[in-house]
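Examination of the molecular architecture
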Amino acid sequence: MSAWTVDRGCPASCATEPDPRVPLGELARRYATLTYALTRAVARGDRLAEPEVLRTEARAVLGALGVGVECVEGLPSAERVPFSVRADGVGTLVVANHISWLDVVALLAVEPVSVLAKREVGRWPVVGALARRAGTRFIDRDGSPRGLPCLVAELADALRVGTSVLVFPQATTWCSVTGGRFRRAAFQAAVDAGAPVRPVTVEYRQGGGPSTAAAFLGEEDFTASLRRVAGARGLSVRVTASTALWGTDRRVLAAAARRAVLGTDPSTAASCGPFAPSCREAALARKGPYR
């Protein structure tokens, strides 16, 4: 069994149509603005990897789609807001729940970090090119288990030299915050590097309540997900960072991070940032060297 085998996640049917929707004229304007934003990002070339440039372009994509970012400052002043922790020059392992392709855009709009993504993303039209230029690290989930220790070592090296890395330990998407278990491989990299782990919760909202309109699930076509996002009126993404975690056991770290991200340990949560009906889990018990 491959070490990259992941849970099934939610089916595409869990993603609901947005309510309310924008008029067709506004939808057309959003698509045009998005096209302009992506064209400008491509024109940035290698400069897209520069933190402030990357943050600017991520915000432009969200703005084009009419998606707001909802966060409230609240982390201790001794820590760098919002994600990275000042910790003797090492980077921070940022771990978040995974709902949509939009998660990455939203989190980069808050703080540009290096992203770990599945290799398929690198082959997407336009998005793949932008991801590569932004410094995304790609993994092959169907590869040999022997490659897993190499990936852990690579992540640990990045953290040691001060690079903060964003990973989605659920390894697949769920329609809401509460789905999915956390795989442990990335946490071993934090242990090896002596790096802090920052749990981050991503939640989409519309009309004052949770929304699954932005969810990108199963074998759904990307354009269908984009259509829902662009057509939603008042869609926002709430980003909440919990207190940083430290540890020497990947299992303990993974369990603590999952509790913080999924909201089962509210005492650890603290909102952050410069911006003002879940499915039953379908997790399968599997074994692996870093599971």
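Residues numbered from 1 in each chain as written. Predicted model: local features only at pLDDT ≥ 70, side-chain atom pairs only at ≥ 80, totals over all residues. Heavy atoms only, no water.

Some thoughts on the side chain of Gln188
- Structurally, Gln188 is set in helix H6 (residues 185-193).
- Of the polar contacts made by the side chain of Gln188, one reaches the side chain of Arg250; its length is 2.9 Å. (Helix = DSSP H or I, 4+ residues; strand = E, 2+ residues; numbered from the N terminus. Polar contact = N/O pair within 3.5 Å; in protein donor to acceptor, adjacent residues only side chain to side chain.)

Topic: the packing of H6 against helix H8 (residues 250-262)
- At their nearest, the axes of H6 and H8 sit 9 Å apart, and the two run at 120° to each other. As for the relative orientation of H6 and H8, their crossing is right-handed in sense. Between H6, through Phe187, Gln188 and Val191, and H8, the contact on the second element is made entirely by Arg250, Leu253, Ala254 and Ala257.
- Of the residues belonging to the contact of H6 with H8, the class tally is 5 nonpolar, 1 polar and 1 charged. (Axes fitted to C-alpha atoms, helices over the stretch in contact; angles between N-to-C directions. Left-handed = near helix turned anticlockwise from the far one by under 90°. Contact = heavy atoms within 4.5 Å. Nonpolar A, V, L, I, M, F, W, Y, C, P; charged D, E, K, R; others polar.)

Brief notes about the packing of aromatic side chains
- By the definition in use, this model includes 2 aromatic pairs.
- Seen in terms of ring centroids, Phe216 and Phe222 are 6.0 Å apart; in terms of plane orientation they differ by 85°. Their pairing is edge-to-face.
- Here a set of aromatic residues connected by ring pairs shows up, and it is made of Trp101, Phe216 and Phe222. (Phe/Tyr/Trp six-rings, centres within 6.5 Å; stacked < 30°, edge-to-face > 60°.)

Digging into helix H7 (residues 222-231)
- For H7, the set of buried residues is Ser225, Leu226, Arg228, Val229, Ala230 and Gly231.
- Of the surrounding elements, those touching the buried residues of H7 are helix H1 (24-43), helix H2 (51-65) and helix H3 (102-110). (Buried < 20%, exposed > 50% of the residue type's maximum accessible area, 1.4 Å probe, protein only.)

What about the packing of H1 against H7?
- Their axes nearest at 9 Å, the elements H1 and H7 cross at an angle of 115°. Helix-helix and strand crossings are classified by hand; for H1 and H7 the assignment is right-handed. Residues Leu27, Arg30, Tyr31 and Leu34 of H1 form the contact with H7, whose own contacting residues are Leu226, Arg227, Val229, Ala230 and Gly231.
- Of the residues assigned to the contact of H1 with H7, the class counts are 6 nonpolar, 1 polar and 2 charged.

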